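An overview of the molecular structure
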Amino acid sequence: METIISVKDLKKNYGKFEAVKGISFDVYAGEIFGLLGPNGAGKSTTLEIIETLRDKTSGKIIVDGLDLDKSPEKIKKIIGVQLQTSGFYPGLNLLELIDLFCGLYNTKTDSMQLLEMVNLKDKAKNKYKEMSGGQKQRFSIATTLINHPRIIFLDEPTTGLDPQARRNLWELIKTIRDKGTTVIITTHYMDEAEQLCDRVAIMDEGKIIALQSPDKLIDDLVASGFERPKVTKSANLEDVFINLTGKDFRED
Ligand code: ADP
Ligand code: MG
């Protein structure tokens, strides 16, 4: 397994507050790696340091063989970072926004092919502000791919979306992984992590407290004697909802 990101003893202090307390982990090329944890655990801080957007206090980070301390500019060229959706000019249409990004990255891309991949081809001439929440998220994921990155970073990409839009985004993220791009994602939806992530690191109060595949973590818990307090049903309310309303999009 090729290690594409290596983080060793990463620490981040904000003043006297220790937000990240010496974490170490590797991300393998071609996997979907999840950073899970409650609000304030240090997930975004960790991502933004690897993305070269935030300074670390100490520790060593290697991204695709490049030392973050020595080659941040080279790292920027091989990663795709999802902007907060508020970062887009609302009055530009999708093609114009892609052109703008191409200019920023000094690269070219097949805009229609990119929009087709995220199922927004028929919205190409629509303004950004005219799109639904799910469409905006799909578009922002598309923009992470403009510079043909080896790794993309998604910070809570499905927060606030309805169940159909979330499922659609999972499929999109898996497609991106299957085409060979490594994905690092944060979420606090555990069903999402279980469906989507090849491995997860669970963070709490600035530390990694578990790192495994979701399957292995669940098996280990069961092996330790854990049982759910009440008999579980073979479906949940979300299954009921999807069964009643279908998997099709409602936003288009
Ligand atoms: P998460 O993404 O897991 O919710 P963050 O990385 O955003 O967590 O934040 C981790 C901790 O660091 C939180 O307690 C947060 O309040 C604090 N923090 C984040 N950014 C700053 C900052 N710029 N200045 C001071 N404290 C910060
Ligand atoms: Mg965060």
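Residues numbered from 1 in each chain as written. Chains lettered and ligands numbered in written order. Predicted model: local features only at pLDDT ≥ 70, side-chain atom pairs only at ≥ 80, totals over all residues. Heavy atoms only, no water.

Within an unreviewed UniProt entry, the label attached to the chain reads ABC transporter ATP-binding protein, and the organism entered is Ginsengibacter hankyongi. The record held by UniProt for the chain lists under Subcellular location (unreviewed entry) the comment "Cell membrane". Taken from UniProt, the Sequence similarities (unreviewed entry) comment for the chain reads in full: "Belongs to the ABC transporter superfamily." (UniProt positions renumbered as here; feature names shortened; annotations may be inferred.)

Regarding unusual backbone geometry
Trans is the prevailing form of peptide bonds, just as negative phi is the prevailing case for residues other than glycine. Its identity is not glycine, yet Asp64 carries a phi of approximately 50°, on the positive side. Of note in this structure, Glu156 is not a glycine but carries a positive phi near 50°. On the secondary structure map, Glu156 appears in the loop between strand S7 (151-155) and helix H6 (163-178). Glu156 gets classed as partly exposed once you look at its relative accessible area, which sits at 21%. (Helix = DSSP H or I, 4+ residues; strand = E, 2+ residues; numbered from the N terminus. Buried < 20%, exposed > 50% of the residue type's maximum accessible area, 1.4 Å probe, protein only.)

What to know about the sheet that holds strand S2 (residues 17-28)
Reading across the sheet, the four strands line up as S2-S1-S4-S5 and stay open at both edges, with antiparallel pairing between neighbours. Each having just a single partner strand, S2 and strand S5 (66-67) make up the two edges of the open sheet. Pairing geometry for strand S4 (residues 58-63) and S5, over two bridges, is antiparallel. Residue pairing for S5: Val63 is matched across the bridge by Leu66. Packing against the sheet, helix H1 (residues 43-50) makes contact with strand S1 (3-14), S2 and S4, and its axis sits at approximately 120° to S1. (Pairing = 2+ DSSP bridges. Contact = heavy atoms within 4.5 Å. Axes fitted to C-alpha atoms, helices over the stretch in contact; angles between N-to-C directions.)

A look at the environment of Ser213
If you trace the backbone, Ser213 turns up in the loop between strand S10 (207-212) and helix H8 (214-223). Given the relative accessible area of 21%, Ser213 is considered partly exposed. A C-alpha to C-alpha distance of 9.2 Å links Ser213 and Phe33, two positions 180 residues apart in sequence. Not counting residues up to four positions away in its chain, the partners in contact with Ser213 are Asp198 and Arg199.

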